[in-house]
Amino acid sequence: MSPEQDVAGAEYADRVRAWAAALRAGSTQTWREFRDAPASPGALLDRPHEQGSTGPTGSGPLPGAAQLELVRRLSVTGADLPEFAELADLALATSGPGRGLVDVPLPWPGSAVRTGTPPVDPEALPPDEVIRAATGVLVRLLESVDLTRTNRSSRSWRPRSPWRRGFTLLGAPTTVGLVRAALLDAGLREGGPRTTCFVLGGPLDDLMVQRWAGRVRAGAAMRWPRMWRAAQANDRVPPAIALPMIAAHLVAELGAERVHVVLADDPTATLAAVAGVLGAPAGEIAPRSEVLATDLLRRLNPALTLAVGDEARRRVVDRVWPEIAGGEEPTSLGVPAGQFAWAVACGERMAEALARGRYAVHGDPGLVVPVSRPGVRRAPDPEAVLAHGLTVVGRAWRAGRTQAAGGRT
Amino acid sequence: MARKVIVHVGAPKTGTSFVQDILFDSRERLAERGTCYPADRFDAHFLAALDLMQLSWGGLEREAVGAWDHLAAKVRACPDTAIVSHEILATASRAQVARALESLATAGTELHVLLSARDLVRQIPAEWQENVKHRRTTSYADFLAHLQDPSRQEGVASWFWGVQEVPDILDRWGGTLPREHVHLVTVPPAGSPPHLLWERFAHVLGLDPEEFPLDQVRRNASLGVSEAAVVRRLNAEVADLVPNHHYRAIVREALVHQNLSAERRSARLSLPPAVWEWAAQLSRQWVGDLALQGFDVVGDLADLLPAEPLPYVDPDTPDTAEFAETAMRALTALTVEAARLRDREVELMADIEELVEKLDRAHSTPVYKAKERLVAKAGTSRLAAGGLGLYRRLRGRNSRST
């Protein structure tokens, strides 16, 4: 490296560290705004190496564009986060896990560097790169979750109603969880020797979203389109949502009179149908969207497994994930274009089989067949996943601070 | 406390497996000479690298939990010299490099970084072939276009440059070390005697090359144009049907390693003329830059300049007859493999039948049969279910066997 390059490199490093220090202090300025603004002579932020820090704002490796942009976006969305400077330090020092651009530098006039990842304006980075940086931070936050604490059940205690038949729910995994919780809250009994079995279903694309979410919660890193490609290649939907097969199996085991298939496109309608059969009161269930959280978690899974092991990952996800990743804006996800025709044919086969079954069917079997929904995305939107990811990082950070202070998350 | 640690960080396709095999097989002999190659299994350093960089690798990462810290502790405990070697370390970020070097050293440890490098014109087709062996379906034309795209955001470009851009890897890994502790071993040109590369490695590792026999060391054979084309086509067919662990055993190991690459019958993979020119120009730039850096070059920087271009045969449009002949070889190899697995299945079925017979004999007692009747009745009778529950509570364990 020539002396001129050395000088340019040192100026660049100083300016990057100064921006990092500004972001750490809560600035939301973009790199271009910061770089092009006249440096205030003598300001500590412009001479971060003189702070004596060895972190990313002091000496040590320069943070890359993805880390810096992550801090800036966190600053934009989470200005009220406690001890933000510490969160910024963590983000600036944490490489994104897995494959991607290596140490992305920032654009700098007159830079003579000819090798390494080309400079990218942080605002122009692909959202996947910033999400990768965010998952690195999430791993660090989640690996320190205290797993010795036990969650108290939020379900209120109600007397069980022993005169009512017990229930068993199968099929759409998320709907099963929501309806099950509502029935237990209403005092109904699960299982038992005379249990009534309900196979819950809805449109095939919704069933697949629920199955995808379940697989990802269990540790898979599978993308949404891959779920469909695998189903098409095998010419069958995953067994957990193969409604006719589940119902037929139950009929063979228990007899048709104890098996009901419930088809609805929202959990409240499903609960109403199930409760109607059981002679129980039905209430409202708020629909739950989990597309963005699932796409974030599938990116997080490999690195979190590496950090804590598979078993601890499962416990962390069971215990903490619903709390920090829930509550996303309702998002629909459609069948990928390449699999739509197959999905329709498959849905029609399922609908026919359900209509022919010897069990009671509540709802229209045709509901299972996916329909084309203009405007619905066929894969999660990375920008939306990133926006949700920033929220999740903020919540995980707050929870960690609360835990550190001795409170409950 | 290790007094000297040598970290061999790549690059892929530069004889790294060859060196790792020698080191792993010679652990005892190395230890007698004061050199540690701390590995309980041949892929221990690979798992450690996955852990360091939080990389997923078709599910293998599940075996890598805590692997880097485990390796680093062993390195620190070595009495004299310790060696760490894996080629995917090349793509570590600066923060990961800092963590790695800090974890390997104690006070007074002399850290060295070793990068082995081969000319780009040979590396590019070799990396595409490696991608094909890792079940990718990207065409050669797209692969080459992605590499030439300055943004590096398409396909596997970021990975390729992460592990193959020699000046940048040396900067990331060696930027904080004295220049004389950063060693660049160049892979000799094609046709050089095989021991020459080992002599260069041995020089940096402080070993006598004569002491370590090369006869048993596996060599990465390469696929030719039609072999690579057949495997890529197969990848597309099985992509969503075969999980990774089966792909590794059946396609990569049984088909590619044991058959197709053991006997390459088609043209060697090379670069189209325009890409050759671009790669040659880039190589010249790298060599010029490296010559100014003052690293310890073992071999000759001229080794990194390409030799004359080979005739180009496009693997995206292979000769139909050659492709068909290679496909028949693949079908034959997989039929033989299926027969071998079928034999194994028959053996296992016989074992299972024998065990079932033993189990049946154990279950033919009157008491066991009574228990079975009770369990069956519990499915339909509350009284029987209550009795069974009481029995299980009294017995003190939750088993559903009886």
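Residues numbered from 1 in each chain as written. Chains lettered and ligands numbered in written order. Predicted model: local features only at pLDDT ≥ 70, side-chain atom pairs only at ≥ 80, totals over all residues. Heavy atoms only, no water.

(A) Just the pattern of salt bridges, in detail. Considering all chains together, one arrives at 49 salt bridges over all chains under this definition. Its salt-bridge partner being B:Glu237, residue B:Arg233 comes within 3.4 Å of it at the nearest N-O pair. In this pair, B:Arg233 and B:Glu237 both sit in helix H11 (residues 225–238), four residues apart, roughly one turn of the helix. Salt bridges sharing partners connect three or more residues here, namely A:Asp103, B:Arg94, B:Asp168, B:Asp171 and B:Arg172. (Salt bridge = Lys/Arg side-chain N within 4 Å of Asp/Glu carboxyl O. Helix = DSSP H or I, 4+ residues; strand = E, 2+ residues; numbered from the N terminus.)

(B) Structural context of the state of the cysteines. All names here are of chain B. Per the stated rule, a full pass over the model turns up one disulfide over all chains. Disulfide pairing places Cys-36 opposite Cys-78 at an S-S distance of 2.4 Å. Between Cys-36 and Cys-78, the disulfide has an S-S torsion of -115° and is therefore left-handed. Here the residue Cys-36 occupies a position in strand E2 (residues 35–36), and Cys-78 occupies one in the loop between helix H4 (67–77) and strand E3 (81–85), the gap between them amounting to 42 residues. (Disulfide = S-S within 2.5 Å.)

(C) Summary view of the side chain of A:His388. All names here are of chain A. Secondary-structure assignment places His-388 in helix H14 (residues 382–404). Judged by its relative accessible area of 7%, His-388 falls in the buried class. The contact partners of His-388, leaving out residues within four places of it in the chain, are Leu-292, Ala-293, Ala-325, Gly-326 and Glu-328. (Buried < 20%, exposed > 50% of the residue type's maximum accessible area, 1.4 Å probe, protein only. Contact = heavy atoms within 4.5 Å.)

(D) Region of interest: the interface of chain A and chain B. Each partner contributes residues to the interface: chain A has 35 residues there, and chain B has 40 residues. Counting each side, the surface lost to burial between chain A and chain B is near 3,100 Å², with a carbon and sulfur contribution of 52%. In this assembly, chain A and chain B are joined by five salt bridges. A:Asp103 is paired through a salt bridge with B:Arg94; the nearest N and O atoms lie 3.3 Å apart. (Buried area = accessible area lost by both parts, 1.4 Å probe.)

(E) Seen up close, the sheet that holds strand E4 (residues 110–117) of chain B. All names here are of chain B. Spatially, six strands are ordered E2-E3-E1-E4-E5-E6 in an open sheet, and the strand pairing comes out parallel. A single partner strand is all that each edge strand has here, and the edge strands are E2 and strand E6 (296–298). Seen against the sheet, helix H9 (residues 166–174) touches strand E1 (4–8), E4 and strand E5 (182–186) and runs at an angle of roughly 170° to E4. (Pairing = 2+ DSSP bridges. Axes fitted to C-alpha atoms, helices over the stretch in contact; angles between N-to-C directions.)

(F) Geometry of the nonpolar core. One finds A:Leu70, A:Leu142, A:Leu204 and A:Trp321 to be the most contacted residues of the largest nonpolar core, which totals 97 residues. Broken down by element, this core gets its largest block of residues, nine residues, from helix H5 (residues 127–142) of chain A. Counting residues domain by domain, this core receives three or more from each of domain 1 (3–125) and domain 2 (167–289 + 330–378) of chain A. In this structure, A:Trp321 is in contact with A:Leu142, A:Ala293, A:Leu296, A:Leu297, A:Leu300, A:Val316, A:Gly326 and A:Val392, ignoring residues within four places of it in sequence. Counting residues in hydrophobic clusters, the runner-up holds 86 residues, among them B:Ala100, B:Val113, B:Leu144 and B:Trp161. (Core = buried A, V, L, I, M, F, W, Y, C linked by side-chain atoms within 4.5 Å. Domains from an automatic or database assignment.)

(G) Representation of the sheet that holds strand E2 (residues 196–201) of chain A within the structure. Residues and elements named next belong to chain A. As summarised here, the arrangement of the four strands in space is E1-E2-E3-E4, forming an open sheet in which the pairing is parallel. What marks the edges here is a single partner per strand, and that holds for strand E1 (167–171) and strand E4 (360–362). Sheet twist, expressed as the average angle between the axes of neighbouring strands with direction ignored, equals 25°. As paired elements, E1 and E2 share five bridges and run parallel to each other. Note that in E2 the partner of Leu-169 across the bridge is Phe-198. The strands touched by helix H9 (residues 243–254) are E1, E2 and strand E3 (259–263); relative to E2, the strand with the most contacts, the crossing angle is about 175°.

(H) A look at a nonpolar patch on the surface. Together, B:Met349, B:Ile352 and B:Val356 line one region of the surface with nonpolar side chains, adding up to about 240 Å² of accessible area. Within the secondary structure, B:Met349 sits in helix H14 (residues 320–362). (Patch = residues over 30% accessible without salt bridge, like charges linked within 9 Å, V, L, I, M, F, W, Y side chains within 5 Å. Areas by Shrake-Rupley, 256 points an atom, 1.4 Å probe, with all protein chains shown as cover.)

(I) Just the pairing of E1(A), in detail. By the alternation rule, side chains of E1(A) split into A:Phe167, A:Leu169 and A:Gly171, which are all buried, and A:Thr168 and A:Leu170, of which none is buried. Handedness of the E1(A)-helix H6 (residues 173–185) of chain A-E2(A) crossover: left-handed. (Right-handed = clockwise from strand over helix to strand, strands pointing away.)

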